[in-house]
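Each chain, written out:
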Amino acid sequence: MLDQERVFTQADSAWLGQGPDSDVVVSTRIRLARNLTDLPFPLLAGSEELGQVLARVRQASEHLPEAKRYGIMELDRLSSLERQVLIEKHLVSLEHVQEPKQRALVLRDDEAVSIMINEEDHIRLQVLLPGLNLDQAWHLADRLDDSLEQHLDYAFDDDLGFLTACPTNLGSGLRASVMLHLPALVLLKQASQVFGTLAQFGLVVRGLYGEGTQALGNFFQISNQLTLNHSEEELINNLKALTGQVIEQERAARSRLYEELGNRLLDMVWRAYGILTHARLLTGDEAMRLLSDVRLGVNLNLLPQINLPELNRLLVITRSGFIQRVVGDTLSPAERDLKRAALVRDELSKNNNSN
Amino acid sequence: MLCDNCKKNPATVYVRRTVNGVTTEAHLCEQCAHEQGEWNLVMGPSLAFPDFSLGNLFASLLDQLPGQTAFVAGGRAQRCPGCGLTYADFREQGRLGCARCYTVFRQPLDPLIRRLQGGVRHVGKVPRRHGGTARLRHDLEHLRQELNEAVAKEEFERAAKLRDEIKLLEERLRGGQ
Ligand SMILES: [Zn+2]
Ligand SMILES: [Zn+2]
């Protein structure tokens, strides 16, 4: 059963856990875009039509396998802080919360499955798992898609495949992506070269925090660009193969980094750890940068064994929306920085005691 | 606290940005943060296609493709009966309005889709409810994969069965279903 309050106040989404190749890959996402055949896409749909979409998809979702594990949230019944938390946890898209009326989210209790209703397309089905987990994520998404389709008439064309509001999603409607942590490639200034290669193989690289802020936290998302003319398996295998190469390059870069920098690297990661465990004021950006250094230190066994899920949790806990929702009020930036530092200290000391 | 920009809505997003060594701070509402393109900075990745100016991108792309102007020009402002969209609207916003748009505007859309996707042949999943050739093609694709595996594993009996099934499907496909 989905406990809505927990979604907004606990950072324990499935994707924050441990998964294959977790030292480099934080999470894996599969997203399928689907539309109903007889109603306008959300951008042009009237309120009544959006309501029809919502009612139909909601009904179909009641027949999902393990239906009891799902709950539905109508976005206009949530506070704007709560909608922000959903974005920070990557459970909805920015586009989805722009106009919350007649928009809804069907969410599984472990937050690994979210179905956005009336996003840019009528349905955006998303599976989000920890680590590099493309096959498992695709199988689950495929199965859930089959289940929904038994109760819905999808817009589909023999040549163009699943019809989507934007032609960049046609065909499979599939966007597969992995979130990578690449601090060593960035420090050694090899990241842009690696990304250039990926682009030649049809993959898109985005910084976790948008254009121009790519180095922040050294987190990057890699996903397939094309969606038509290739089967889902082909698209996924291509992403998997290239992600595997990036993982190897990052691991090699990490070892080289330690050989080249030695004590300077040791100092960098301990310094980051020291600030995170003792600072009284932390901005969101600073927290991300320090978390990146600490994560690198943990993966190179230079720091005490903080487990990776604990660090992943901090990716959510340090975000503005989450902090304010936990406190239960909007805060000034200074108040937020104070609370953020306290939450981080709390989390990291909890971790130390349990080890 | 109210949004620094519109001074109307409550500020829920805090943006701090350093450009050329100068740090600026702002407290924005969801809407203004989005309009200023700051959401990604604070909130993390957009799960949707992240490019807010997709419309402009299409517009410039479309201008390079043949046969577009006739559909955009006022004289032939054909509307999709499903949603009321014109091709000029699409050119502006980069989004189609409904499933029927793809039939109504198929002719001018075709070169655009080829440019964006490299072709117009769907080989992925097909809804079970959907008849048509796509389902056959999809099944064929899978049978051929299975056949390759069977041959590789030297399972000749299974391979022979698969070959028969493939032949049957190919005939149905040629015979117009
Ligand atoms: Zn505002
Ligand atoms: Zn239409």
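## Focus: the overall build of chain B
Turning to step 1, where the next piece is worked out: Counting secondary structure elements, chain B contains 9 helices and 2 strands.
Turning to step 2, where the next piece is worked out: Classification of the 177 residues of chain B by burial places 44% in the buried group.
Turning to step 3, where the next piece is worked out: Counted over contacts in chain B with a minimum sequence separation of 6, partners at least 24 positions apart contribute 34%.
Turning to step 4, where the next piece is worked out: Accessible surface computed for chain B: about 9700 Å², of which carbon and sulfur atoms make up 48%.

## Some words on the side chain of Asp-121 of chain A
All names here are of chain A.
Turning to step 1, where the next piece is worked out: Structurally, Asp-121 is set in the loop between strand 4 (113–117) and strand 5 (123–130).
Turning to step 2, where the next piece is worked out: Take Asp-121: its relative accessible area is 0%, and that puts it in the buried class.
Turning to step 3, where the next piece is worked out: Excluding residues that lie within four positions of it along the chain, Asp-121 makes contacts with Ala-33, Arg-34, Asn-35, Pro-42, Thr-164, Ala-165 and Asn-169.

## Thoughts on the pattern of salt bridges
Turning to step 1, where the next piece is worked out: The tally for this structure, following the rule as stated, stands at 37 salt bridges over all chains.
Turning to step 2, where the next piece is worked out: A salt bridge links Arg-325 of chain A to Glu-5 of chain A, with the shortest nitrogen-to-oxygen separation between them at 2.8 Å. Of this pair, Arg-325 of chain A sits in helix 12 (residues 320–327) while Glu-5 of chain A sits in helix 1 (residues 4–9), placing them 320 residues apart in sequence.
Turning to step 3, where the next piece is worked out: Since its relative accessible area comes to 41%, Glu-5 of chain A is described here as partly exposed.
Turning to step 4, where the next piece is worked out: Residue Glu-155 of chain B is joined to Arg-158 of chain B by a salt bridge in which the shortest nitrogen-to-oxygen separation is 2.5 Å.
Turning to step 5, where the next piece is worked out: Owing to a relative accessible area of 31%, Glu-155 of chain B belongs among the partly exposed residues under this scheme.

## Here's the deal with the pairing of strand 3 (residues 104–108) of chain A
Residues and elements named next belong to chain A.
Turning to step 1, where the next piece is worked out: Among the 5 residues in strand 3, 5 count as buried, and that is most of the element.
Turning to step 2, where the next piece is worked out: Neither face of strand 3 is left uncovered, since the one carrying Ala-104, Val-106 and Arg-108 and the one carrying Leu-105 and Leu-107 both have all their residues buried.
Turning to step 3, where the next piece is worked out: Of the strand pairs in this sheet, strand 2 (residues 70–74) and strand 3 are connected by 5 bridges, and their pairing is antiparallel. Note that in strand 3 the partner of Glu-74 across the bridge is Ala-104.
Turning to step 4, where the next piece is worked out: As paired strands, strand 3 and strand 4 are joined by 4 bridges and run antiparallel to one another. Each bridged residue has a counterpart across the sheet, and for Leu-105 the counterpart in strand 4 is Met-116.
Turning to step 5, where the next piece is worked out: Where strand 3 folds back on strand 4, the antiparallel hairpin that results is connected by 4 residues, among which Glu-111 adopts a positive phi of roughly 60 degrees.

## Focus: the coordination of the zinc ion (ligand 2)
Residues and elements named next belong to chain B.
Turning to step 1, where the next piece is worked out: Taken together, Cys-80 (SG), Cys-83 (SG), Cys-98 (SG) and Cys-101 (SG) make up the full set of protein donors to the zinc ion (ligand 2), lying 2.3 Å away.
Turning to step 2, where the next piece is worked out: Angles of 95 to 126 degrees at the metal separate the 4 donor atoms of the zinc ion (ligand 2), which places the site in the tetrahedral class.
Turning to step 3, where the next piece is worked out: In primary sequence terms, the donor set of the zinc ion (ligand 2) follows C-x2-C-x14-C-x2-C.
Turning to step 4, where the next piece is worked out: Its relative accessible area of 2% is what places Cys-80 among the buried residues.

## Points about the domain arrangement of chain A
Residues and elements named next belong to chain A.
Turning to step 1, where the next piece is worked out: On domain assignment, one finds that chain A holds domain 1 (4–254) and domain 2 (262–354).
Turning to step 2, where the next piece is worked out: Measuring from the centre of the C-alpha atoms in domain 1 to the corresponding centre in domain 2 gives 26 Å.
Turning to step 3, where the next piece is worked out: Between domain 1 and domain 2, the residue contacts involve 29 residues of the former and 25 residues of the latter.
Turning to step 4, where the next piece is worked out: Seen at the junction of domain 1 and domain 2, the total is 2 salt bridges.
Turning to step 5, where the next piece is worked out: Note that Glu-82 is salt-bridged to Arg-325, the shortest N-O span being 2.9 Å.
Turning to step 6, where the next piece is worked out: The interface formed by domain 1 and domain 2 holds 12 residue pairs in polar contact (both at pLDDT 80 or more) in total.
Turning to step 7, where the next piece is worked out: For the side of domain 1 that touches domain 2, the element with the highest residue contribution is helix 3 (residues 80–88), accounting for 5 residues.
Turning to step 8, where the next piece is worked out: The class makeup of the residues in the side of domain 1 that touches domain 2 is 13 nonpolar, 9 polar and 7 charged.

## Observations concerning the packing of helix 5 (residues 134–149) of chain A against helix 8 (residues 232–261) of chain A
Residues and elements named next belong to chain A.
Turning to step 1, where the next piece is worked out: Between helix 5 and helix 8, the shortest axis-to-axis distance is 10 Å and the interhelical angle comes to 155 degrees. Taken together, the axes of helix 5 and helix 8 lie roughly antiparallel to each other. Considering only the axes of helix 5 and helix 8, their crossing is right-handed. Between helix 5 and helix 8, the residues in contact are Leu-134, Asp-135 and Trp-138 and Glu-232, Glu-233, Ile-236, Leu-239 and Lys-240, respectively.
Turning to step 2, where the next piece is worked out: When grouped by side-chain class, the residues that make up the contact of helix 5 with helix 8 number 4 nonpolar, no polar and 4 charged.

## Concerning helix 7 (residues 191–200) of chain A
Residue and element names in this part refer to chain A.
Turning to step 1, where the next piece is worked out: Burial in helix 7 covers these residues: Ala-191, Val-194, Phe-195 and Leu-198. Along the axis of helix 7, the buried residues cluster in a sector spanning 100 degrees; they form a single face. Residues of helix 7 that are exposed and point more than 90 degrees away from the buried face comprise Ser-192, Gln-193 and Gln-200.
Turning to step 2, where the next piece is worked out: The positive-phi residue at the C-terminal boundary of helix 7 is Gly-202, with phi of around 80 degrees.

## Quick look at the interface of chain B and chain A
Turning to step 1, where the next piece is worked out: With 59 residues of chain B at the contact, the number on the chain A side is 78 residues.
Turning to step 2, where the next piece is worked out: Taken over both partners, the interface formed by chain B and chain A buries close to 5700 Å², and the fraction arising from carbon and sulfur atoms is 57%.
Turning to step 3, where the next piece is worked out: Inspection of the region where chain B meets chain A yields 7 salt bridges.
Turning to step 4, where the next piece is worked out: Within the residue set of the side of chain B that touches chain A, elements represented by two or more residues are strand 1 (13–19), helix 1 (30–35), helix 2 (39–43), helix 3 (54–63), helix 5 (87–93), helix 7 (106–117) and helix 8 (132–152) of chain B.
Turning to step 5, where the next piece is worked out: Among the residues making up the side of chain B that touches chain A, the classes are represented as 31 nonpolar, 19 polar and 9 charged.

## Some words on the nonpolar core
Turning to step 1, where the next piece is worked out: Membership of the largest hydrophobic core comes to 113 residues, with the highest contact counts inside it found for Ile-30, Leu-86, Ile-115, Leu-198 and Val-294 of chain A.
Turning to step 2, where the next piece is worked out: Element by element, the count of residues in this core is highest for helix 8 of chain A, at 8 residues.
Turning to step 3, where the next piece is worked out: Here this core spans two domains, since at least three of its residues come from each of domain 1 (4–254) and domain 2 (262–354) of chain A.
Turning to step 4, where the next piece is worked out: Core analysis: the next-biggest nonpolar cluster, separate from the first, contains 25 residues, Ala-165 of chain A together with Leu-62, Leu-65 and Leu-96 of chain B among them.

What counts as what
- Residues numbered from 1 in each chain as written.
- Chains lettered and ligands numbered in written order.
- Predicted model: local features only at pLDDT ≥ 70, side-chain atom pairs only at ≥ 80, totals over all residues.
- Heavy atoms only, no water.
- Helix = DSSP H or I, 4+ residues; strand = E, 2+ residues; numbered from the N terminus.
- Buried < 20%, exposed > 50% of the residue type's maximum accessible area, 1.4 Å probe, protein only.
- Contact = heavy atoms within 4.5 Å.
- Areas by Shrake-Rupley, 256 points an atom, 1.4 Å probe, with all protein chains shown as cover.
- Salt bridge = Lys/Arg side-chain N within 4 Å of Asp/Glu carboxyl O.
- Pairing = 2+ DSSP bridges.
- Donors = N, O, S within 2.8 Å, 3.2 Å for Na, K, Ca; no water.
- Tetrahedral: all angles 85-135°; square planar, octahedral: opposite > 155°, others 65-115°.
- Domains from an automatic or database assignment.
- Polar contact = N/O pair within 3.5 Å; in protein donor to acceptor, adjacent residues only side chain to side chain.
- Nonpolar A, V, L, I, M, F, W, Y, C, P; charged D, E, K, R; others polar.
- Axes fitted to C-alpha atoms, helices over the stretch in contact; angles between N-to-C directions.
- Parallel < 35°, antiparallel > 145°, perpendicular 65-115°, else oblique.
- Left-handed = near helix turned anticlockwise from the far one by under 90°.
- Arc of directions from axis to C-beta.
- Buried area = accessible area lost by both parts, 1.4 Å probe.
- Core = buried A, V, L, I, M, F, W, Y, C linked by side-chain atoms within 4.5 Å.

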